Amino acid sequence: MNKHILIGIPVKNTGKYLDNLLNQIVSQDYDLSKITIILLEGDSNDNSYDTCKHLVKKYLNLSIILDKLDFGYDLDHSKLRYDYNKYPKRIKNLVISRNYIVDNYLKQNDYLWWVDSDFEYIPSDTINKFIQYNKDVIIPKLTHDTWGYHDCGSVIIKDEKQYRFQFIDADIVKLDRADTHCFIKRCIFDVGIRYTFIDKEYFDGCGGHQSCYSDGTQFSFDCISSGFEIYGANSIVIKHHNV
């Protein structure tokens, strides 16, 4: 495996999770010299930025870049993130952050993997599995103590109904829409596809009423309309912290 991977991690008020997250990445059965991590911190009111600086020094066997992009938007890392009135601004900022990482740091890496800063457990063979599947875009299954499978955005759409891939009995499932924690080939970005904020209401795969598209929704549609394919991987199970 000689593919170069950029791991993009937007960070906001998740300082207490970051040390464990970096340990999960260090534990990957993959050549760490082929991995670059970008920690993009913004608008935190906890110790996130200082923790990021500490981790850059601690994990000297990793290539870690720390950057900062503030929007002046105060929002705790809690269920408030999904509040109907707060959600659009949060998504708009994430769209800007993701495009910032793509445009400034993807460079010659072969893949971009979006990792949530509050992932609790990542199996050590995750990167190897992503690469072996060799899909344009592939998203893992997320588990959550409270909600079970923690991904309402990654679905198959058939007869105007949405079916979450986590409940389909197959290792990988072709999707019509995906959330953002994907493993993505750089060729998608090479043709100019970027993240877009769409101020449009919709129902997600869990029946929730969202006040705007999630940051992965329009990206999924743009990928598919350009001839790329998106898959969900039931065989890759990542644990999300209970928030």
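Up top is the structure these notes are about.
These remarks concern the structure in this document.

Cut-offs used in this document
- Residues numbered from 1 in each chain as written.
- Predicted model: local features only at pLDDT ≥ 70, side-chain atom pairs only at ≥ 80, totals over all residues.
- Heavy atoms only, no water.
- Helix = DSSP H or I, 4+ residues; strand = E, 2+ residues; numbered from the N terminus.
- Rg over C-alpha atoms; globule rule 2.2 N^0.38 Å.
- Contact = heavy atoms within 4.5 Å.
- Areas by Shrake-Rupley, 256 points an atom, 1.4 Å probe, with all protein chains shown as cover.
- Lys, Arg positive; Asp, Glu negative; His and termini not counted.
- Charge placed at Lys NZ, Arg CZ, Asp CG, Glu CD.
- Phe/Tyr/Trp six-rings, centres within 6.5 Å; stacked < 30°, edge-to-face > 60°.
- Buried < 20%, exposed > 50% of the residue type's maximum accessible area, 1.4 Å probe, protein only.
- Polar contact = N/O pair within 3.5 Å; in protein donor to acceptor, adjacent residues only side chain to side chain.
- Core = buried A, V, L, I, M, F, W, Y, C linked by side-chain atoms within 4.5 Å.
- 1 Å grid on protein atoms, 1.4 Å probe; cavity = no way out; pocket = protein on both sides within 12 Å on 5 of 7 lines; lining within 4 Å.
- Points joined across faces, edges and corners; volume = space filled by probe spheres on them.
- Nonpolar A, V, L, I, M, F, W, Y, C, P; charged D, E, K, R; others polar.

1. A word on the overall build of the protein chain
In terms of regular secondary structure, the protein chain is built from 6 helices and 14 strands. Computed over the C-alpha atoms, the radius of gyration of the protein chain is 17 Å, within 12% of the 18 Å expected from 2.2 N^0.38 for a compact globule of 243 residues. The contacts in the protein chain between residues at least 6 apart in sequence include a share of 78% that link residues at least 24 apart. As displayed, the protein chain has an accessible area near 10800 Å², and 47% of this comes from carbon and sulfur atoms. Computed over 29 positive and 34 negative side-chain charges, the separation of the two mean positions in the protein chain equals 1 Å.

2. Quick word on the packing of aromatic side chains
Across all of its chains, the model carries 11 aromatic pairs by this definition. Look at Trp113 and Phe183: their rings are 6.4 Å apart centre to centre, the planes differ by 65 degrees, and that puts the pair in the edge-to-face class. Of the two residues, Trp113 is situated in strand S4 (residues 111-114) and Phe183 in strand S11 (residues 183-185); the sequence distance between them amounts to 70 residues. Across the pair, exposure class does not vary: Trp113 and Phe183 are buried alike. Plain terms: the ring middles of Tyr213 and Phe221 are 6.2 Å apart, the flat faces sit at 80 degrees to each other, and that makes the pair edge-to-face.

3. A closer look at the side chain of Asn109
If you trace the backbone, Asn109 turns up in the loop between helix H3 (87-105) and S4. Here Leu106 takes part through its backbone oxygen, which lies 2.9 Å from a polar atom of the side chain of Asn109. Look past the residues within four positions of Asn109 in its chain and what remains in contact with it is His4, Ile5, Leu6 and Arg186.

4. Quick look at the nonpolar core
Core analysis: the largest hydrophobic core is formed by 33 residues, its most contacted members being Ile5, Ile7, Ile9, Leu21, Ile37, Trp113 and Phe183. Among the secondary structure elements, those contributing two or more residues to this core are strand S1 (5-11), helix H1 (15-26), strand S2 (35-41), helix H2 (48-58), S4, helix H4 (126-133), strand S6 (137-144) and strand S14 (230-240). When near neighbours in sequence (up to four residues on either side) are disregarded, Phe183 contacts Ile5, Tyr111, Leu112, Trp113, Phe130, Ile131, Asp136, Val137 and Ile138. In this structure, Ile91, Val95, Val137 and Phe228 belong to the second largest nonpolar core, which totals 31 residues.

5. So, the layout of surface pockets
By volume, the largest pocket amounts to about 970 Å³. Arg81, Tyr82, Arg90, Leu94 and Asp116 are the residues nearest the centre of the largest pocket, which is lined by 44 residues in total. Elements with a minimum of two residues in the lining of the largest pocket: S1, S2 and H3. Ranked by residue count, the leading element in the lining of the largest pocket is H3, at 7 residues. Partitioned by chemical class, the residues of the lining of the largest pocket number 17 nonpolar, 13 polar and 14 charged.

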